[in-house]
Amino acid sequence: MTSVAMGQMRAILLGRDLKLSLGTAEVRRPEAGEVLVRVEYCGICGSDRHAIASGDWIEYWPAILGHEAVGVVEESVDPAIRIGERVVIDSRRPCEQCALCRRGARGLCESLTWMGESAPGGYAEYVVVPSWTLHRIPDRLQSEVAVLAEPLAVVDSTLDHLPATAGTVRILGGGPIGVLAALRVAQRFAGVEVEIVEVVPERVGLVRQLSVDAVQHSSGSRVDAVIDAAGYVRSVDDAFAGLTNGGTVIAIALGESELQLPVRELVEHGWSLVGSIGFEAVHLDRSLAALAEAPETYRGVVTEIMDFAVARDFLAGRTTLPGVKMVVKPSHV
Ligand SMILES: [Zn+2]
Ligand SMILES: [Zn+2]
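Residues numbered from 1 in each chain as written. Chains lettered and ligands numbered in written order. Predicted model: local features only at pLDDT ≥ 70, side-chain atom pairs only at ≥ 80, totals over all residues. Heavy atoms only, no water.

Right, let's get into the pairing of strand 8 (residues 126-130). Most of strand 8 is tucked away: 4 of the 5 residues are buried. In this sheet, strand 8 lies alongside strand 3 (residues 34-43) in antiparallel orientation, the contact comprising 5 bridges. The partner of Arg38 across the bridge, within strand 8, is Tyr126. (Buried < 20%, exposed > 50% of the residue type's maximum accessible area, 1.4 Å probe, protein only. Helix = DSSP H or I, 4+ residues; strand = E, 2+ residues; numbered from the N terminus. Pairing = 2+ DSSP bridges.)

Moving on, we get to empty space enclosed by the protein. Considering all chains together, one arrives at 2 cavities of 30 Å³ or more under this definition. Here the largest cavity defines a volume of roughly 50 Å³. Every residue along the wall of the largest cavity is listed here: Ser47, Asp48, Ala51, Trp57, Leu65, Gly66, His67, Met115 and Glu117. Of the residues belonging to the lining of the largest cavity, the class tally is 4 nonpolar, 3 polar and 2 charged. (1 Å grid on protein atoms, 1.4 Å probe; cavity = no way out; pocket = protein on both sides within 12 Å on 5 of 7 lines; lining within 4 Å. Points joined across faces, edges and corners; volume = space filled by probe spheres on them. Nonpolar A, V, L, I, M, F, W, Y, C, P; charged D, E, K, R; others polar.)

Before going further, it helps to examine the packing of helix 5 (residues 176-188) against helix 9 (residues 281-293). Helix-helix packing is described using two parameters, namely the angle between the two axes and the distance between the axes. Look at helix 5 against helix 9: their axes get within 12 Å of each other, and the N-to-C directions meet at 80 degrees. Classified by the angle between their axes, helix 5 and helix 9 sit roughly perpendicular to one another. Here Arg184, Gln187 and Arg188 of helix 5 come into contact with helix 9, specifically with Arg286, Ala290 and Glu293. Residue composition of the contact of helix 5 with helix 9, by class: 1 nonpolar, 1 polar and 4 charged. (Axes fitted to C-alpha atoms, helices over the stretch in contact; angles between N-to-C directions. Parallel < 35°, antiparallel > 145°, perpendicular 65-115°, else oblique. Contact = heavy atoms within 4.5 Å.)

Protein ligation of the zinc ion (ligand 1) involves Cys45 (SG) and His67 (NE2), the donor distances falling in the range 2.1 to 2.3 Å. You can see Cys45 sitting in the loop between strand 3 and helix 1 (46-54) and its partner His67 sitting in the loop between helix 1 and strand 4 (68-76), a full 22 residues away along the chain. (Donors = N, O, S within 2.8 Å, 3.2 Å for Na, K, Ca; no water.)

Within the fold, Ala190 resides in the loop between helix 5 and strand 11 (193-197). A relative accessible area of 75% places Ala190 in the exposed class. Measuring from C-alpha to C-alpha, the distance between Ala190 and His283 comes to 19 Å, with 93 residues separating the pair along the chain.

Given below as structure tokens:
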């Protein structure tokens, strides 16, 4: 008998004391409009580390984090969703009540929560999710590449803010979001030059292995757009320092530092500053299509696939691993 038949599943649990443990949790049966998904892979996001360190955003305990999940539909109470379908799960949990939700901008919901924060997420063998969150994975796209769809949707939404005339883009930060942004710029905007600035030398090497231009120190040449995926102290000021007239800075990292830029400079140079968060459903469809179109371009972004035990130690900060995107693979009994 499988563990799901017995009603229990293995998971990485975050206790109220912010300690991570390997344990079991009940497999909840899906209710109307819900689906039970067997998790194949779940990507680790930088925001998980923040939630684990602070307990921020979490609404139930013990929590099961993980919001970049792909898997197979195991049980469905929605006639439109077939059992056995491979799916990516939309990570957003909008309130459906606020004015923005009602006009279809769920990604901008005033009370937005994320999978794993308000209800159990993907660091488990199974997860129950609303059926509207599912996006079918194209047959030709392997799940270990499709697991990039959620962060790539975040990136694709960010790139909607690029000026139409941009010919040069600089990305601050060579983490998963920075790397995905560089690859997606090259795929989506033919002829646009893109460069990553990453201060850690080992990461520069990792990024270059993915055929992306990366430097440790910016050349200082002016570019049409800067994407701040680093969020270090003064990163947005650095971004403006390398911007052409009429250029745009897109902030995507949750940087804490205050902006020093005089408004007068913004006006005189015709600069724009945009904050970008989350995505809409259309971006998930687009990112799945982008991955299916060029899986080999993106495959190398997943540098580590780990089991629950290794993932627990990594999430707890007990181990460091060189790599770009780390992915958890539950080993089903
Ligand atoms: Zn995330
Ligand atoms: Zn809302």
